[in-house]
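# Residue-level structure breakdown
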Amino acid sequence: MRKRALAAITLLCAVLAGCSSNDAEIETTENNVEGAFTVPEDESLPPVHVLDDKYRTTYEIFVYSFYDSDGDGIGDLNGVRQKLDYINDGDDKTSTDLGCNAIWLMPICPSPTYHKYDVTDYKDIDPEYGTMSDFEEMVKECHRRGIKVYTDLVLNHTSTEHPWFKEAKEYLKNHTDIDSKTEEECPYVYYYNFTKEQQTGYERLNGTEWYYEARFWSGMPDLNLDNEKVRAEISDITQFWTDKGVDGFRLDAVTSYYTNDNEKNIEFMTWLNDTVKAQNEDAYIVGEAWTNSSIYGSYYASGIDSFFDFDFSGSEGTIAAVARGKKQPLLFAKEMQEEEKAYASYNDFYVNAPFYTNHDMARSAGYFTGRGTEQKVKMAGALNLLMGGNAFIYYGEELGMKGSGKDENKRAPMQWGNGVVNSDSADAVESEKIKIILDASGMTNGPKDMEKFDMIYHGLDQQLFDKTSIYNYYKKAIRLRNTYPVIARGNTQPVEVLSEDKLGAFVKYKNSGLSSNSEDYIILDEEGNNIGMNGSVKSALGITDPYYGEAAVLVVINNGDEAKVIDLSKWSGTGDDPELSFDLETGDEAASLEGTNLTIPSYGIVVIK
Ligand code: CA
């Protein structure tokens, strides 16, 4: 049992429940009066067991909208650094942080756009975000907290404002034809894909007879990744950031490296993976292949660690469908199992990259309507975090932020506060750490073309103190992931005998690394071997592994509107003495286990060990 001493925070808010306007009257008081803000504690939770490997919980940050340190309304790297304690304070014994242990920064290099996915200099920091020394300081502070830093690597295209493209354009303006001298006179002509034929995905180079490949937008010319000089530039770029302390990369738009040519994409990613791993053998790389799992699954052949698991993501993915009650939780388990087998067939060392939402998708708060909306928003977050691999959370997802329609709306300012706990009242908070986490004075303005809209749920300033908030639910779900390493690292085995329409059960198990008690270690692989699925097995639960802790846990999900009772002894792997070890509830009702009879509330998730 861990003990945490957190400052109780007492604030009097005139109208606690519905207080959302900036002019809400706030008074601070010494007394613990009605509506006082206190940080919820849950002393019953088992201790965390965080392993230092690639199976992390990664927080995706759009720096522009995260936190502003210098008052210009634009988020910056110093702002990210100031808020690192929100993500992870580096102390596993505290529970004031989210518990994520990696960040992915969307592009930070100089760029003419707010989103910065069109780079003009791959080896610098956009002045809107700060300086290279700000970046180095941020990386240092991340590493001090055990947070890995992954940066966005946009290699499919540059900006038309990149000097390479500008030089190529200038050359082609003065040369109707290219010949054997061109390579020497202007090698940048071959950095891109120029042609005189008009084709799909090509744009006219103004003032010339030339067209250039630009699959996304005329401002984003595609690089010629076959060119050895371009590959040499890329190698320099990854070495540069590796030297700056970056722990890995998120690869933008990998299906577009070679449009409609998966074989070439895999060939290029194999080269890229080998190049980066030669520079840092521990580097982690995750690719964005916005397609279906049969394609991005095959990309694992490249050796790239991870690909985002798009099949499970977004408003129509598996996660949302289960949260909505339209898909059985057992199918969630079966789909995970199928993917695990498929990905492993390409690369034994694959690390799945589940995510629920990202900066290109409408935010989760808008996915559900009617009764149980908040429960569904919460459960969806937990389903993502129950998946194997390195799980990603998009900033603000943990607050139930809203945003849909144009891209700018999906990248709204992080909702540190909506005025309920302002910087004055934060004086009443005793803990310096919570004061900093709560400080909303650097709320950003967000992208200029973002539409005006109201959030559905409160900002962090209220959610932090509300035991039933989406934020505290997410934090507990991350805690669950950090408690049982087998959840992120194990294989999935659906348990049909414990499942019904709105009730699903599955085992997460890891069979590598035998315990000393090997006679009882009966969790074997699923290919015909026994993991406790039939009567010949003594028990699957209750076995521990020296490295992973619990070698197997049973997860039960109720995505229905009513509580359910189930007899766990129907599954032989339960053993004689199952223990309800973690209870993730979306409402006030808690789960209970009497003998082998499990009661699980509506929209509840439990872990039995
Ligand atoms: Ca700023």
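Read on for an overview of the structure. Small disclaimer: the values here were computed from a predicted structure and weren't measured.

Calculation rules
- Residues numbered from 1 in each chain as written.
- Predicted model: local features only at pLDDT ≥ 70, side-chain atom pairs only at ≥ 80, totals over all residues.
- Heavy atoms only, no water.
- Helix = DSSP H or I, 4+ residues; strand = E, 2+ residues; numbered from the N terminus.
- Buried < 20%, exposed > 50% of the residue type's maximum accessible area, 1.4 Å probe, protein only.
- Contact = heavy atoms within 4.5 Å.
- Areas by Shrake-Rupley, 256 points an atom, 1.4 Å probe, with all protein chains shown as cover.
- Pairing = 2+ DSSP bridges.
- Axes fitted to C-alpha atoms, helices over the stretch in contact; angles between N-to-C directions.
- Parallel < 35°, antiparallel > 145°, perpendicular 65-115°, else oblique.
- Left-handed = near helix turned anticlockwise from the far one by under 90°.
- Nonpolar A, V, L, I, M, F, W, Y, C, P; charged D, E, K, R; others polar.
- Donors = N, O, S within 2.8 Å, 3.2 Å for Na, K, Ca; no water.
- Phe/Tyr/Trp six-rings, centres within 6.5 Å; stacked < 30°, edge-to-face > 60°.
- Expected span 1.5 Å × (residues − 1).
- Polar contact = N/O pair within 3.5 Å; in protein donor to acceptor, adjacent residues only side chain to side chain.

## Quick word on the overall build of the protein
Helix and strand counts for the protein come out as 16 helices and 22 strands. For the protein, with 609 residues in total, the buried portion stands at 59%. If you take every contact in the protein between residues at least 6 apart in sequence, the share linking residues at least 24 apart comes to 70%. For the protein, the accessible area works out to roughly 23,900 Å², and carbon and sulfur atoms hold 44% of it.

## Side note on the pairing of strand β22 (residues 604-608)
The buried fraction of β22 is high, at five of five residues. Along β22, one buried face is formed by G604, V606 and I608 and the opposite face, lined by I605 and V607, is buried too. Note: strand β17 (residues 552-558) against β22, five bridges, orientation antiparallel. Of the residues in β22, the one forming a bridge with V555 is V607. Where strand β19 (residues 580-585) lies against β22, five bridges are found, and the strand directions are antiparallel. When the bridges of β22 are listed, D583 appears paired with V606.

## Focus: the packing of helix α7 (residues 228-243) against helix α8 (residues 262-279)
Viewed as axis vectors pointing N to C, α7 and α8 meet at an angle of 40°, and their least axial separation amounts to 10 Å. By the angle class used here, α7 and α8 are oblique. When the axes of α7 and α8 are compared, the crossing they make is right-handed. Packed against α7, whose contacting residues are R231, I234, S235, T238, Q239 and T242, the element α8 presents E267, F268, W271, L272, T275, V276 and Q279 at the interface. In the contact of α7 with α8, the residues fall into five nonpolar, six polar and two charged.

## Examining the coordination of the calcium ion
Around the calcium ion, the donor atoms from the protein are D68 (OD), D70 (OD), D72 (OD), I74 (O) and D76 (OD), and they sit 2.2 to 2.4 Å away. Here the donor residues for the calcium ion map to a single chain with the spacing D-x1-D-x1-D-x1-I-x1-D. Residue class for D70 comes out exposed when judged on its relative accessible area of 53%.

## A look at the packing of aromatic side chains
With the rule as written, the count across this model stands at 40 aromatic pairs. For the ring pair Y296 and Y343, a centre distance of 6.4 Å and an interplane angle of 50° mean the geometry is tilted. You can see Y296 sitting in helix α9 (residues 293-298) and its partner Y343 sitting in helix α11 (residues 329-346), a full 47 residues away along the chain. In this structure Y296 comes out as buried when scored by relative accessible area, which is 0%. Look at Y356 and Y367: their rings are 5.7 Å apart centre to centre, the planes differ by 85°, and that puts the pair in the edge-to-face class. Linking Y356 in the loop between α11 and α12 (373-385) with Y367 in the loop between α11 and α12, this pair joins segments that are 11 residues apart in sequence. The exposure class assigned to Y356 is buried, which follows from its relative accessible area of 0%. The exposure class assigned to Y367 is buried, which follows from its relative accessible area of 10%. Feature note: the residues Y59, F66, Y67, Y86, Y394, Y395, W416 and Y471 constitute an aromatic cluster, connected by ring pairs.

## Some words on α11
Taking 1.5 Å as the rise per residue, α11 with 18 residues should run 26 Å; its terminal C-alpha atoms sit 27 Å apart, in good agreement. Every buried residue of α11 is accounted for by P329, L330, F332, A333, M336, Q337, E339, E340 and Y343. Buried residues in α11 make contact with α9, α10 (318-323), α12, β13 (491-494), β14 (503-509) and β17.

## A closer look at the pairing of strand β21 (residues 597-600)
Along β21, the buried face is formed by L598 and I600; none of N597 and T599, which line the opposite face, is buried. Inspection of the sheet shows strand β18 (residues 564-567) paired to β21 by four bridges, in the antiparallel sense. Among the inter-strand pairings, I566 is bridged to a residue of β21, identified as L598. Sheet topology places strand β20 (residues 592-594) next to β21; three bridges connect them, and they run antiparallel. Considered in β21, the bridge of S592 is made with T599. The turn linking β20 back onto β21 is made up of two residues, and G595 within it adopts a positive phi angle of 65°.

## Here's the deal with α7
Think of an α-helix as 3.6 residues a turn; residues three or four steps apart then line up on the same face. Taking 1.5 Å per residue as the helical rise, α7 with its 16 residues ought to reach 22 Å, and the 22 Å between its terminal C-alpha atoms agrees with that figure. Considering only its buried residues, α7 is in contact with α4 (132-144), β5 (148-153), α5 (163-174), β9 (248-251) and α8. With a side-chain oxygen positioned 2.7 Å from the backbone nitrogen of K229, the residue opening α7 is N227. Positioned one or two residues after α7, G245 has a phi angle of 100°, which is positive.

## A short note on the sheet that holds β18
Taken together, the three strands give an open sheet; going across it, the order is β18-β21-β20, and neighbouring strands pair in antiparallel fashion. Among the strands making up the open sheet, the edge pair consists of β18 and β20. Pairs of neighbouring strands in the sheet enclose a mean axial angle of 20°, with direction left out of account.

All quantities given are derived from atomic positions and should not be read as evidence of function.
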